[in-house]
Every structure is written in C-alpha cells, then in structure tokens.
Amino acid sequence: MENNFIKCGLAGWSAELCYSSLIARTRDHDKRLMGQTSLYMFPIYGMAAAIGPIRQKLCAHSELLKKSTICRGGIYTGLIFLTEYCTGWLLRKAGRCPWDYSQAKLNVDGLIRLDFAPFWFALGLFFERCTAAS
C-alpha cells in the first residue's frame, strides 16, 4: 500500500500542477506555465491509495459496481469530496489550508467546489488504475 500512497501522491501533485499551470495560462495569460501546489497536498492525494482496496470490496459484493465505471467513478468522486472537505477543515482549524474556494459559485464552506466533480471523477478512476497493479 505504501507504493500506492507514493504513486497517488505524485500523480495528484502532478495533476494539480498541470491544472494550476493551465489556469494561470488561460486566466492570467502567463506563458510561463507556472503551477503551484502545497506540500500538504502530497499526503492528501496519497490517501487515494485506499481506492484499490475499496474497489476490491465494492466489486466483490456487487456485479453492477464491477462492471460500471460510472458507478465506481461516482463513489470515488464522493469520497474525494469528503476527503477534501475533512482535510481542508482540519487544515483550516490549524491555519494551514492551502485552498479557499469561497469566491467560487458552487463552493461548500469554501472547502470544496462542486463544479470540480468531473475532474475528481476522472482522477478517481485514474487512481483506480494506479492502485490496480499493486
């Protein structure tokens, strides 16, 4: 599981850097493609290593979940939102939360953005692939 933790942590970090670079390019017209993230994000993304065991349990108990990528992706999206909210809440209590979505339309307590659901859906399925090999 520790290899999957590292794989998911690095994959999440990389995805966040790519996303923030493209946002900076589009919104700010910054051609340098300067992305940003936080060291706190590595262990948060690393927690996606749990997706492998979760998938095994889901698929062992449900033929529908075994066959339905959409159902599994929806479950992963919900789990990612829950993780993002809980870790954000804890980091905010400590004065260390690296994100604040308060200005976004579809935010919940400034900790999650519901419009990120398609991104989390895709990333959850990517994490499923990352954790399947081990």
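I will try to describe carefully the structure that is included in this document. Everything numeric in this text was worked out from a predicted model, so none of it was measured.

### Considerations on a nonpolar patch on the surface
Judged by side-chain polarity, Phe5, Ile6, Leu10 and Met47 come together as a nonpolar surface patch covering roughly 330 Å² of accessible area. Within the secondary structure layout, phenylalanine 5 lies in helix α1 (residues 2-28). Take phenylalanine 5: its relative accessible area is 30%, and that puts it in the partly exposed class.

### A word on the layout of surface pockets
Roughly 1,000 Å³ of volume is contained in the largest pocket. The set of elements that each furnish at least two residues to the lining of the largest pocket consists of α1, α2 (41-46), α3 (51-61), α5 (69-93) and α6 (117-132). If one sorts the elements of the lining of the largest pocket by residue count, α1 sits on top with eight residues. Considering only residue class, the lining of the largest pocket consists of 23 nonpolar, seven polar and six charged.

### Focus: α5
Each full turn of the α-helix corresponds to 3.6 residues, which orients residues three or four apart in the same direction. The end-to-end C-alpha distance of α5, which contains 25 residues, comes to 36 Å, matching closely the 36 Å that a straight helix rising 1.5 Å per residue would cover. For α5, every residue scored as buried is listed here: Arg72, Gly73, Tyr76, Thr77, Ile80, Phe81, Glu84, Thr87, Gly88 and Leu91. Against α2, α3, α4 (63-67), β2 (112-113) and α6 lie the buried residues of α5. Phi for glycine 95, located one or two positions after α5, is positive at around 75°.

### Some thoughts on the side chain of serine 68
Positionally, serine 68 belongs in the loop between α4 and α5. Polar side-chain contacts of serine 68 include one of 3.0 Å to the backbone nitrogen of cysteine 71.

### As for the packing of α1 against α6
Close contact between α1 and α6 brings their axes to 10 Å; oriented N to C, the two are set at 150°. In the crossing of α1 with α6, the sense of the turn from one axis to the other is right-handed. Touching Asn4, Lys7, Cys8, Ala11, Gly12 and Ala15 of α1 are Phe119, Leu123, Phe126, Phe127, Cys130 and Thr131, all from α6. Residue classes in the contact of α1 with α6 are distributed as eight nonpolar, three polar and one charged.

### Digging into the pattern of salt bridges
Evaluated as defined, the whole model comprises five salt bridges. A salt bridge links aspartate 30 to arginine 32, with the shortest nitrogen-to-oxygen separation between them at 2.9 Å. Exposure remark for aspartate 30: the relative accessible area of 15% places this residue in the buried category.

### Re the side chain of serine 62
Of note, serine 62 is situated in the loop between α3 and α4. Among the polar contacts made by the side chain of serine 62, one reaches the main-chain amide nitrogen of leucine 65 at a distance of 3.1 Å.

Calculation rules
- Residues numbered from 1 in each chain as written.
- Predicted model: local features only at pLDDT ≥ 70, side-chain atom pairs only at ≥ 80, totals over all residues.
- Heavy atoms only, no water.
- Patch = residues over 30% accessible without salt bridge, like charges linked within 9 Å, V, L, I, M, F, W, Y side chains within 5 Å.
- Areas by Shrake-Rupley, 256 points an atom, 1.4 Å probe, with all protein chains shown as cover.
- Salt bridge = Lys/Arg side-chain N within 4 Å of Asp/Glu carboxyl O.
- Helix = DSSP H or I, 4+ residues; strand = E, 2+ residues; numbered from the N terminus.
- Buried < 20%, exposed > 50% of the residue type's maximum accessible area, 1.4 Å probe, protein only.
- 1 Å grid on protein atoms, 1.4 Å probe; cavity = no way out; pocket = protein on both sides within 12 Å on 5 of 7 lines; lining within 4 Å.
- Points joined across faces, edges and corners; volume = space filled by probe spheres on them.
- Nonpolar A, V, L, I, M, F, W, Y, C, P; charged D, E, K, R; others polar.
- Expected span 1.5 Å × (residues − 1).
- Contact = heavy atoms within 4.5 Å.
- Polar contact = N/O pair within 3.5 Å; in protein donor to acceptor, adjacent residues only side chain to side chain.
- Axes fitted to C-alpha atoms, helices over the stretch in contact; angles between N-to-C directions.
- Left-handed = near helix turned anticlockwise from the far one by under 90°.

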